[in-house]
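The lines below spell out each chain.
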Amino acid sequence: PEGIKNVFKDEKATGFVVDEDTGAVTTEIAYPMGILCKKVPLTINGKGSLDIISVNGTGIKATETLKIIDSTINVSGNNGAPTGNNGISGKYEVQLINANLNVYSNGDAVKTTLGKKDVEEDSSLAEYGNITVDGGTYVLKSSNSDGIDAFNTLNLKPGSFEVSTENKDRQT
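Residues numbered from 1 in each chain as written. Predicted model: local features only at pLDDT ≥ 70, side-chain atom pairs only at ≥ 80, totals over all residues. Heavy atoms only, no water.

A. A look at the pairing of strand 7 (residues 58-62). Strand 7 sits mainly inside the fold: five of its five residues count as buried. Sheet topology places strand 7 next to strand 10 (residues 88-90); three bridges connect them, and they run parallel. Across the sheet, Ile 60 pairs through a bridge with Ile 88, a residue of strand 10. (Buried < 20%, exposed > 50% of the residue type's maximum accessible area, 1.4 Å probe, protein only. Helix = DSSP H or I, 4+ residues; strand = E, 2+ residues; numbered from the N terminus. Pairing = 2+ DSSP bridges.)

Structural data, given as structure tokens:
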């Protein structure tokens, strides 16, 4: 809801897991790859705000398609440091629609994780690996990798879009 602020934080190798069958959110150690993680398509839609503080891994990860719509989300590590790994990732597709995102990551800030090996094993995946940014405000920063990384096509029509990367010495 509008005006509600939610904060998810990992301090150890844990994360929040969304159960595929029930939709229940748990804090099991079983899938520590992302602090908010879904093993099927994930859609985040809402007018509140979500702060993800991920010290050890990826902030938000979907193992299929990830959609973030009309949402305000901040992803980083502790005290404004980068996340332990990637900021936001989806395997088949990432759609960012009218979102307000501020991501600071050690790995890629926003990425699709589909790879060449996936397509070689299943040629029907050849059209996937796309990122769409439509409307919204985006500040994406990576300390050691790419600001945005699409396996296939990157479609950009943002309202405001700032992407930066740093080298090993933290120089932008």
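B. Representation of the packing of aromatic side chains in the model. One pass over the structure, following the stated rule, counts two aromatic pairs. The interplanar angle of 50° and the centroid separation of 5.6 Å between the aromatic rings of Tyr 92 and Tyr 128 together place this pair among those described as tilted. Of the two residues, Tyr 92 is situated in the loop between strand 10 and strand 11 (93-105) and Tyr 128 in the loop between helix 1 (116-121) and strand 13 (130-142); the sequence distance between them amounts to 36 residues. Exposure remark for Tyr 92: the relative accessible area of 22% places this residue in the partly exposed category. Residue class for Tyr 128 comes out partly exposed when judged on its relative accessible area of 36%. Ring centres of Tyr 138 and Phe 161 lie 6.2 Å apart, and the angle between their planes is 65°; on these two criteria the pair is classed as edge-to-face. Note that Tyr 138 is positioned in strand 13 and Phe 161 in strand 16 (residues 160-165), a separation of 23 residues in sequence. Here Tyr 138 falls in the buried class, since its relative accessible area comes to 0%. Of note, Lys 141 hangs over the ring of Tyr 104, and the distance from its end group to the ring centre comes to 5.0 Å. (Phe/Tyr/Trp six-rings, centres within 6.5 Å; stacked < 30°, edge-to-face > 60°. Lys NZ or Arg CZ within 6 Å of the ring centre and 35° of its normal.)

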